Amino acid sequence: MELKETIGYRVIREWMETQRRQPFAFQEETWQHILDGESGLVNAPTGCGKTFSVFLGVLIDFINRHPDDYQTRDKNTLQLLWVSPLRALAKDIGRAMEEVIVGLGMRWQVGSRNGDTEMSERQKQKRRMPEVLIITPESLHLLLAQKGYAEVFAPLKVIAVDEWHELLGSKRGVQVELALSRIMGVKKGGCSIIGISATIGNLEQAKEVLIVGRAPKTEGRGRSDGGQADAADSGGTTAGAPTREASATEGFIVRAMLDKPIHVESILPDEIEKYPWAGHLGLKLIHKVIPILEKSRTTLIFINTRGMSETWYQSLLNVSPDLAGVIALHHGSIDMALRNWVEEALHDGKLKAVVCTASLDLGVDFRPVERVIQVGSPKGVARFLQRAGRSGHQPGQVSTIYFLPTHSLELVEAAALKAAMHEGLIESREPMLLCYDVLIQYLGTLAISDGFYPEDIFRELQHTYCYSEMTRDEWREILHFITEGGSALQQYDEFRKVEVMADGLYKINSRRVAMRHRMHIGTIVSDAMLKVRFTSGGYVGMIEEYFISRLEPGDVFTLAGRNLEFVMIKDMTALVRKSTAKKARVPSWNGGRMPLSANLGMMLRRKLDEASEMVAPSPRALAPEGGGAGADRSRAQESPVETDIELRVLRPLFELQAALSYMPRENELLIEQIETKDGWHLFVYPFEGRLVHEAMAALLAYRISRTTPISFSFAMNDYGFELLSDQPIPVDDTNVYELFSPEDLTADIQRSVNSAEMARRKFRDIAVIGGLIFQGFPGEHTKARHLQSSASLLFNVFSEYDPHNLLIRQAYNEVMDQQMEERRLRNMLERIRQGKIVLRWPSKLTPFCFPLKVDSMREDLSSEKLEDRVRRMQAQLR
Amino acid sequence: MQPAFPHRIRGQQLWLSPHRCLFWEEERSLILSDLHFGKTGHFRKAGIAVPQSVYREDLLRLLSLIQYFQPRQLLVVGDLFHSRENKELDLFRRWRDDFPDLAIRLILGNHDILHEGWYEAAGITVSQQVLRMGEFAFIHDITEWAPSPEAPYFFSGHLHPGIRIRGMGKQSLQFPCFYFGGQYAVLPAFGKFTGTVSIDPPPDSNVFAILPPSGGEGFRSGAGERGWPVRGRQHAGSDQQAGPGGVNREEHGTSHGKRGNRGPFGAGSIFQIQ
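Residues numbered from 1 in each chain as written. Chains lettered and ligands numbered in written order. Predicted model: local features only at pLDDT ≥ 70, side-chain atom pairs only at ≥ 80, totals over all residues.

Colleague: Tell me what's going on with the overall build of chain A, and back it up with residues and numbers.
Modeller: Within chain A one finds 36 helices and 26 strands. For chain A, with 878 residues in total, the buried portion stands at 50%. At a minimum sequence separation of 6, the contacts of chain A that also span at least 24 residues come to 77%. (Helix = DSSP H or I, 4+ residues; strand = E, 2+ residues; numbered from the N terminus. Buried ≥ 20, exposed ≤ 12 C-beta atoms within 10 Å, placed from the backbone. Contact = placed C-beta atoms within 7 Å.)

Colleague: Describe in detail the confidence of the model for chain A, supporting the description with residues and values.
Modeller: Atomic detail in the predicted coordinates should be set aside for any region of low pLDDT. Overall, the predicted model of chain A reaches an average pLDDT of 83, with 85% of residues at or above 70. Overall, residues 856-863 of chain A carries pLDDT values under 50, and its contacts beyond four positions in sequence, including any with other chains, amount to 33 contacts. (pLDDT = per-residue confidence, 0-100.)

Colleague: So what's going on with the nonpolar core? Which residues, and what values?
Modeller: All names here are of chain A. Counting residues in hydrophobic clusters, the biggest one holds 307 residues, and the most contacted among them are Ile301, Val354 and Val355. Per-element tally for this core: the top contributor is helix H27 (residues 690-705), with 11 residues. Apart from residues no more than four positions distant in its own chain, isoleucine 301 is found in contact with Trp312, Ala353, Val354, Val355, Cys356, Ile373 and Val375. (Core = buried A, V, L, I, M, F, W, Y, C linked by C-beta atoms within 7 Å.)

Colleague: Provide a residue-level description of the sheet that holds strand S3 (residues 110-113) of chain A, including the pertinent values.
Modeller: Residue and element names in this part refer to chain A. Overall, parallel pairing links the 7 strands, which are arranged S3-S4-S2-S5-S6-S1-S7 in an open sheet. In the strand order of this sheet, the two ends are held by S3 and strand S7 (252-255), each with one partner. Put simply, the sheet's adjacent strands are angled 20 degrees from each other on average, direction ignored. Looking at chain direction, strand S1 (residues 40-43) and S7 are connected through 4 bridges and run parallel. The partner of valine 42 across the bridge, within S7, is valine 254. (Pairing = 2+ DSSP bridges. Axes fitted to C-alpha atoms, helices over the stretch in contact; angles between N-to-C directions.)

Colleague: Can you break down helix H26 (residues 651-660) of chain A residue by residue, with the values?
Modeller: Because an α-helix packs 3.6 residues into every turn, residues spaced three or four apart end up facing the same way. Residues and elements named next belong to chain A. If you check which residues of H26 are buried, you get Leu653, Phe654 and Gln657. Burial along H26 is one-sided: seen end-on, the buried residues are contained in an arc of 100 degrees. Where H26 is buried, its residues contact helix H22 (598-615). (Arc of directions from axis to C-beta.)

Colleague: I'd love a proper account of the domain arrangement of chain A, names of residues and values included.
Modeller: Bring the parts together and some accessible area is lost; that lost area is often taken as the interface size. All names here are of chain A. The domain boundaries assigned to chain A delineate domain 1 (3-219 + 248-255), domain 2 (262-406), domain 3 (529-578) and domain 4 (667-878). Once you take the C-alpha centre of each, domain 2 and domain 3 turn out to be 26 Å apart. Listed by partner, the interface residues are 8 residues for domain 2 and 8 residues for domain 3. No other element matches helix H13 (residues 306-319), which puts 3 residues into the side of domain 2 that touches domain 3. Split into classes, the residues belonging to the side of domain 2 that touches domain 3 amount to 4 nonpolar, 2 polar and 2 charged. (Domains from an automatic or database assignment. Nonpolar A, V, L, I, M, F, W, Y, C, P; charged D, E, K, R; others polar.)

Colleague: So what about the sheet that holds strand S2 (residues 12-17) of chain B? Which residues, and what values?
Modeller: Residues and elements named next belong to chain B. In space, the 7 strands of this open sheet follow the order S1-S2-S3-S4-S5-S6-S7, with mixed pairing throughout. What marks the edges here is a single partner per strand, and that holds for strand S1 (5-9) and strand S7 (124-127). Going from strand to strand, the sheet's axes swing by 25 degrees on average, the running direction of each strand aside. Across 5 bridges, S1 lies against S2 in antiparallel orientation. Directly across from histidine 7, in S2, lies its bridge partner leucine 14.

Colleague: I'd like a rundown of unusual backbone geometry, residues and numbers included.
Modeller: For A:Glu163, which is not glycine, the phi dihedral falls at a positive 50 degrees. Turning to its location among the elements, A:Glu163 is positioned in the loop between strand S5 (158-161) and helix H8 (164-167). Positive phi, normally seen in glycine, also occurs at B:Arg10, with a value near 45 degrees. Tracing the backbone shows B:Arg10 in the loop between S1 and S2. Owing to 10 C-beta atoms within 10 Å, B:Arg10 belongs among the exposed residues under this scheme.

Colleague: An account of helix H34 (residues 822-834) of chain A is requested, with residue identities and associated values reported.
Modeller: All names here are of chain A. Across its 13 residues, H34 extends 18 Å between first and last C-alpha, which sits within 8% of the 18 Å expected from 1.5 Å per residue. Listed as buried for H34 are Leu825, Met828 and Ile832. For H34, the angular spread of buried residues about the axis comes to 60 degrees, placing them on one side. Those residues of H34 that are buried lie in contact with strand S21 (668-676), H27 and strand S25 (836-840). (Expected span 1.5 Å × (residues − 1).)

Colleague: Outline the environment of B:Leu60, listing residues and values.
Modeller: Tracing the chain through its elements places B:Leu60 in helix H2 (residues 53-69). We classify B:Leu60 as partly exposed; it has 14 C-beta atoms within 10 Å.

Colleague: Summarise the confidence of the model for chain B; cite the residues concerned and give the values.
Modeller: All names here are of chain B. Of the residues in chain B, 76% have a pLDDT of 70 or more, and the chain-wide mean is 79. Under a pLDDT of 50 for its full length, residues 214-266 has, in the predicted model, 131 contacts with residues more than four places off or in other chains. The complex prediction reports pTM at 0.80, with the ipTM value standing at 0.79.

Colleague: Hey, could you go over the environment of A:Leu551 for me, with residue numbers and the actual values?
Modeller: All names here are of chain A. Secondary-structure assignment places leucine 551 in the loop between helix H21 (545-549) and strand S18 (556-559). The class for leucine 551 is partly exposed, based on 18 C-beta atoms found within 10 Å. Linking leucine 551 and histidine 520, residues 31 residues apart in sequence, is a C-alpha distance of 30 Å.

Colleague: Could you give me a rundown of the packing of helix H1 (residues 7-18) of chain A against helix H3 (residues 50-65) of chain A, with the residues and numbers involved?
Modeller: Residues and elements named next belong to chain A. Running from amino to carboxyl end, H1 crosses H3 at an angle of 130 degrees, the nearest separation of the two axes being 7 Å. By the angle between their directions, the pair H1 and H3 is classed as oblique. Between H1 and H3 the crossing geometry is right-handed. Facing Ile7, Gly8, Tyr9, Val11 and Ile12 of H1, the residues of H3 in contact are Leu56, Leu59, Ile60, Asp61, Ile63 and Asn64. Considering only residue class, the contact of H1 with H3 consists of 8 nonpolar, 2 polar and 1 charged. (Parallel < 35°, antiparallel > 145°, perpendicular 65-115°, else oblique. Left-handed = near helix turned anticlockwise from the far one by under 90°.)

Colleague: How would you summarise the environment of A:Ala414 if you had to cite specific residues and measurements?
Modeller: Residues and elements named next belong to chain A. Residue position: alanine 414 is located in helix H16 (residues 411-423). Placed 373 residues apart in sequence, alanine 414 and leucine 787 show a C-alpha to C-alpha distance of 50 Å. When neighbours within four sequence positions are excluded, alanine 414 is seen to be in contact with Val264, Ser266, Phe403 and Glu646.

Here's what the structure looks like:
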C-alpha cells in the first residue's frame, strides 16, 4: 500500500497541519514500513519526533483499516505495545500520544504499566486493555506471569522498543528478547517489531538482535499455531504462509539524519601547574561554572557518581547562595517523587540548573536546557554525544557542551572526544549471550502463569540472539536445575520449585514460590540499600547499607542535597533528622563505574602522541637507533596538525612527565618503576579502560610470578594500572616483551589468580537474578532470616560442591567477556607487540602515575604458597 | 585426618582441629558450634537449589572426627540445626542411630527451634542457656553472659569468627578461626554452608586461623585454587580440569578425593596468628 495514497495518511497530515507541523522524511519512511507490516530499526536521537515515527504509523494503519468509524470505535484491545527502559518516560510519551488521539477525535486509550502502577489501574487493564500500553521490560515479564497472557497479545499490531541502544548489551535487553520470543510464539497473525535507537557503532547488529528469527509471518512459530508447525521446523517456508524469510539481513533501518552541530568547549584552569593531578572533583573550577549558569536559561551539570553530585550541589550553593531554589539535584538514590518534581520543573523551565548523574541520560527532552556541563570523563563518545544532545533542542540550535576536567590529565580526553566526534567514532553495544540467570528467571515466570512445554520454549529460544547457540545439554541442565535443584540426596530432598505435570507441562504450583518469584522479577540488582526517613516521617531516599553501617548516631551526612543527622536503623530504614551542621560526610555509592571505551582510549593515545611531539625538543636525537618509532615520528612531523587548546594548556605537565620519565608515542607502551615507602611500584599505561587494565594486571602478575614467588596488590584507572609489592618486581628489558606477549593469552588469563574473585563479584547479580538470593517478604522476619545467605557464601558453596553449575560457569564467562574484555585485551597485546615498550625508573611520582597511586580500589593476588605468605605477613606485622 | 594443634587452657589439654572443632582430652569431648544442619534442605524446600552435598560432607566430616578422636560425648554450643524439621534431619537421625553410645549435649542456640520432644527422641540432651562442666562452661552467645568473679572459662559460638590478616602492599586474607580470650573462647562455625564474620582480637588473646589446603574459602584473592571451571560447552564433564593456578600448590592431606586437589573434607592446617 502506498502510504501517501491512504486515507490514514491524509487524516494524519491534516491534523499535523493544524499543529503547524510537517512530517519528517524518516517518519514517512517508517510509516510506510508499518503499513507493509515490516520490522526494523529507527535510528533517531531523542527529541526529533521518533515517538511519532512509530505511533502515527500505527494510527494511520488503524484508520486505513477502519476508514469510516475510526473515530467512534472503542475497546479495540491492545494495538501498540511500547517498551521503554524508564518509567519516567511513560508519562511524557503517553501525554504526547493522548494529545494526538484527542486531536483526531478518536477514542483510544493510552495506559502505562510499571513498578509505580497502582493495583486498581492494573485491575482495570485486566478488564479492558488500552489500545496503547507503555511498559518496562520488567513489567512486561510480570504480564507474562499472568494467566491467559496470550489473549492480551493476540490483537497486537506493533511492538515498539524505545531506547533500544540502552537496553541492548544489558540483561534487560535479554529480557526484551525473551518476552518478544514468547509473544511472537503465542501470537497468531503478524506483528511488527520496531526498535528505536540512538546512533551506536553496531546498528545493524542491534536490529538483528531485536528481530532475528522473529520477523513476522515466518515458520516455526511453535505449536500454538496448530499442528502443522512441526513439519516446517526443518527450515523451509511453509507453503501458504507469505514468503518472508527471517534472516540477518531482513528488516529495515530508517535513519533520521538530523545531525545537530555540537560545540565542545573545555573549561580550563588558569594555572595548570596548580591544578590537581588526581583525587579531586573539579570543584577548583566551580567559579568558572557560575558565569555559564548565569548566561543560559537552564544548564544540566552531569557528574559521574552520586556521591560527587551531592558534593557539587552543596558547593554550588555555597559559592553562589542566590542559586537556592533554582538549582536541583537528580540522581538514582533520590526519592522518586522528588525526582519527578525536578523533571517537571525542568520541563517547565523553572530551574536554572540541575546537578545530575546518568539518571538524566535517558528520557524526555527538556526543551529549556541550553547548556550542558560534563564534569570528569564521560568515558565514551556515545555517552558524551547523548549528553551534548540534551541541550539546544530547538531546530537550528547548536548543542553546546562544556567539559570540566577533575584532574589535569583528563583535559586530554576533551581533545580526544572532539576528534572522535569529528570522525564519527561511536561505540558499539555488544549484546549479551547465554545469560542462564535471566533464562532461569524467565522460565519461572512462565511456570507461574500458564506453565510451559519445554519443546515450545526451546524452539523459541533458538530464534533469539542470546540463546541461539544454547545446546540441548545445557537446556536439559537448566530444566533439571529448576525442577530437581541440581544433584541432591534423593530420599532426603524436598526441593520444590517447578513441577512437571502429568501431560509434561512445567508449572509452579506452590503459591509461596510463585509469590516470591513475582517479587523478584527483574535484572537490575542494587546493592543492599536502606531507605532513609525522617524520624518525623517523610522519605528522603535510598542509601547503601555499607555506608550507614559505618556511621555512629549523631554523625551527619548528605543525601538529596540535605544535611542529615543519623539517628538509628529500624526495620531496614535509616532514621534521620535535619541537621544544621556545616560539615557532613558524603556517602559513597558503589554504582557501576563505566570504563573508558576502546574508541576513546585510542583517541587518547593519539592525542598523547601529539602532546609527545609537542614537548619533544628534538625528536630525532631521542629516537632509538633505527626503531619503528623514529620512522613514525618523522611521518608525524610531515603532517603537522593544529594542536588542541587542551594540549597546549597542558604543556607544562607533559614537559614534567618527559623530564621525570617519558612521554609515550602512539605506538609505545610506557612502564614506570618507582620505589616508595609503600613498596615497589610498577606502573603501566595502556589507556584501555579500567576493566582491561584489571585483567592485564592479573595476567602480568601471574606471568611474573611464574619465575619468582611474589605477592602483589594492584590498582587501576582508565589510563593504566599499578602493581605494588613488598619486594622488587623483576621486570626489565630482558623479559618485558615476553610478559606482554599475546601468546597463550587465554590459558594464562584462565590461570591468572584473580579469576575466582572476579567471578565471585559477577555471581552476586547472577544469584539474585537466578533466584538464589531471597530478600524476604515484608513483615516476615524470623522465617525469612533462615533463608538468608550472601552471594559470596553461595559462590563458595557452589564452587566447592557443584563447580560445573551453570550459574557458576556463567559468572566465569561474564568475567571473560565483560570484565576481562578478552578481545580488547588481545588487541591491546597485539598492538604492544607491534610497537615498543619503554621502561623508565623515575626517582619520584610522575603526573601519569599519580592518579593511580591515589586510586583506592585495589586487588590482591599472590603466587606464593599460602602459609609462607601468612608467615611473611606476620613477620611484617610485628 | 589432619593433625590437630595442641593448646592448653586452665590446665586442660585441648586439640584444635582444622576441621573446625576442638577436642577436650581430659573429658574426651568433642566441642563444636554452629553446624546448621538442615540448612541446605531448608533452602531447597523454598526452591533455592543449594547443593545438598554440603550437608552430606558435613555429616561425613563429623563421622570421621568421631572415628579419629573417639569422644565419649559431643558438646555443641548452639545452632546444631538451622531451622524447622525437614527430611535432612531424618538423615541426621539415621546418622545418629549409628552412635548409640555417644552422648550429645546441646546448648540451645538461636537457630535451635525444634520441639523438646524431637531432641529427646534423637538422644540429644538439651541445656537452655549455660552448661557447666568442671573448669569450663558452655554458652551459645557469649554476649548474653553476665560476668561474675569466680567465673569458669567459657566456650561459645554464634559469631562464626573469621580473622583478616593484613600485610604490606595492602594485602589481606580472611580465614575462619578459633578465638581464645582471657575469659572465653569463640569457636569457628562447623557447617560449611556458613559465612564468617571478621573479628578484631585484642592483643592479649590467642587466635588460630584455619588455613585451607591450598587457598579456598576465605580468600580475598581466591587464588585460583580450583582452577577455572570449564568454560562454556567446550569440555563439559571433565572434572579434573582444575588448573595449576598461580599457587605453588602442595597437598597437606594424604587422601585425595575424587575432586582432584580437594580431599573429601578439604581441611588444611591450623596456624597461630597471635
